[in-house]
Amino acid sequence: MMIAVCRATSIFCVPLNPVAAVRFGKYIKTAFTNHWNLLVFLGAATFGAISGQPDVVIPLVVAGEVAYLGMLSTHPKFQKYVDAQEAKQTRSASSVDAQRTLERIAGSLPRESMDRFEALRTRCLELQHIASELKSPGGRNTAELPLESFQTDGLDRLLWIHLRLLYTEYALQRFLQKTSEQQIRQDIQNSEKRLATIPTGDLSPQQQRIRRAIEDNIATCKDRLANLLKARDNYELVKLEIERLENKIRSLSELAVNRQEPDYISGQVDQVAASMLDTEKTMNELQFATGLDLVEETPDLLRSKSLQTQ
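The rules behind the values
Residues numbered from 1 in each chain as written. Predicted model: local features only at pLDDT ≥ 70, side-chain atom pairs only at ≥ 80, totals over all residues. Heavy atoms only, no water. Helix = DSSP H or I, 4+ residues; strand = E, 2+ residues; numbered from the N terminus. Buried < 20%, exposed > 50% of the residue type's maximum accessible area, 1.4 Å probe, protein only. Contact = heavy atoms within 4.5 Å. Areas by Shrake-Rupley, 256 points an atom, 1.4 Å probe, with all protein chains shown as cover. pLDDT = per-residue confidence, 0-100. Phe/Tyr/Trp six-rings, centres within 6.5 Å; stacked < 30°, edge-to-face > 60°. Expected span 1.5 Å × (residues − 1). Salt bridge = Lys/Arg side-chain N within 4 Å of Asp/Glu carboxyl O. Patch = residues over 30% accessible without salt bridge, like charges linked within 9 Å, V, L, I, M, F, W, Y side chains within 5 Å.

Draft legend 1. How the structure looks around the overall build of the protein. When its secondary structure is counted, the protein shows 12 helices and zero strands. What you see in the protein, going N to C, is helices and strands ordered as α-α-α-α-α-α-α-α-α-α-α-α. Within the protein, the fraction of its 310 residues that count as buried is 33%. Looking at the protein alone, contacts between residues at least 24 apart form 82% of all its contacts between residues at least 6 apart. When the accessible surface of the protein is split by element, carbon and sulfur atoms take 55% of a total near 18,800 Å².

This is the structure we're talking about:
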């Protein structure tokens, strides 16, 4: 018993970097808050308190608890279990966020954009069916998904990017329609003219406040103008990225028919996804126009029913 306690307490004395300390604390907390451990620990502590010798029993209970926590929290299988449960909770929360974002996009996009997305999604589904026929002539195993799961997940990821690009294009289009470059430039010109009427040598508090207000307004208008010009450039970029991704998805889907090589298809999907990292970064930077939060989880788009019927 004493050897186990010494080993356990020595674990707590090992210096850890901040990240490792946080992870170790997580394992300790999970081990301690386990309902069976709490039941035994509190029961033993209560027994010690009423045993007539609390000064002997309670230290032994605490020592046993320390030994238990030390050994369990450092066990590789227990750590993997805790990490897996944490990852599961994270995925669950991300899935809810992704579904909410999906519903928001589907409810906001105009019919033309949704038709464009559904046409591409239908193309993928049709090619899946063709691939299934090639793999199972005569209709055998038709209940199974025609593509390998990792291929379906990859295409889901690309379809998700495509849908968000369509929404980004729509949001930027509305932003550009509501924001007038001519009006912003006119506001800058008017403010600069008004600023020129204030004598530079006038140091009175009132005139200084007026000068600062006008200068701040000019700076704000210039920021708006720069933002507008950047949004216009990004709008053209997003339109090109939509066309590029549509062709990429068509090409990948056709590869699933022409080449029954899972590793090759998977590699091609990964390459296309990697090539879209800059595009996703651009979409994140355009949050001021879209209002979309960064969502890592990908909704199930290929297996779900049409978004237009939801």
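Draft legend 2. Representation of the environment of R244 within the structure. Examined against the element boundaries, R244 turns out to sit in helix 9 (residues 205-258). Its relative accessible area of 29% is what places R244 among the partly exposed residues. Taking the C-alpha atoms as reference points, R244 and H162, 82 residues apart in sequence, are found 9.9 Å from one another. Once residues lying within four places of it in the same chain are set aside, the contact partners of R244 are S275, M276 and T279.

Draft legend 3. Seen up close, the side chain of T168. Checked against the element boundaries, T168 lands in helix 7 (residues 149-178). Look at T168 and you get buried, because its relative accessible area is 1%. Excluding residues within four positions of it along the chain, T168 makes contact with V238, M283, L286 and T290.

Draft legend 4. Representation of the confidence of the model for the protein in the model. Predicted confidence across the protein gives a mean pLDDT of 77, with 74% of residues reaching 70 or more. Segment residues 1-5: pLDDT under 50, and six contacts once partners within four positions in sequence are set aside and those in other chains are kept. Here residues 140-146 scores under 50 on pLDDT; set against residues more than four positions off or in separate chains, the count is six contacts.

Draft legend 5. Highlighting the packing of aromatic side chains. By the definition in use, this model includes one aromatic pair. Here the aromatic rings of Y167 and Y170 are separated by 6.5 Å at their centres, their planes lie at 55°, and the arrangement is tilted. Separated by three residues within a single helix, Y167 and Y170 lie in helix 7, roughly one turn from each other.

Draft legend 6. Just the environment of C221, in detail. Along the chain, C221 falls in helix 9. Given the relative accessible area of 5%, C221 is considered buried. Sequence-wise, C221 and Q183 are 38 residues apart; in three dimensions their C-alpha atoms are separated by 9.9 Å. Leave out the neighbours within four places in its chain, and C221 touches I184, D187 and I188.

Draft legend 7. Structural context of helix 3 (residues 35-50). Over its 16 residues, helix 3 extends 22 Å from the first C-alpha to the last, a length consistent with the 22 Å expected when each residue adds 1.5 Å. Looking one or two residues beyond helix 3, the residue adopting positive phi is G52, at roughly 95°.

Draft legend 8. Layout of the pattern of salt bridges. Across all of its chains, the model carries seven salt bridges by this definition. Among the ionic pairs, R121 bridges to E118, the shortest N-O distance being 3.4 Å. Taken together, the residues R121 and E118, both in helix 6 (residues 111-135) and three residues apart, mark about one turn of the helix. Relative accessible area serves as the criterion here: at 8%, E118 is assigned to the buried category. Three or more residues are tied together by salt bridges with common partners; here these are E181, R185 and R232.

Draft legend 9. Focus on a nonpolar patch on the surface. Among the surface-exposed residues, W36, L39 and V40 lie close enough to one another that they form a single nonpolar patch of about 370 Å² accessible area. Along the chain, W36 turns up in helix 3. Given a relative accessible area of 55%, W36 falls into the exposed group.

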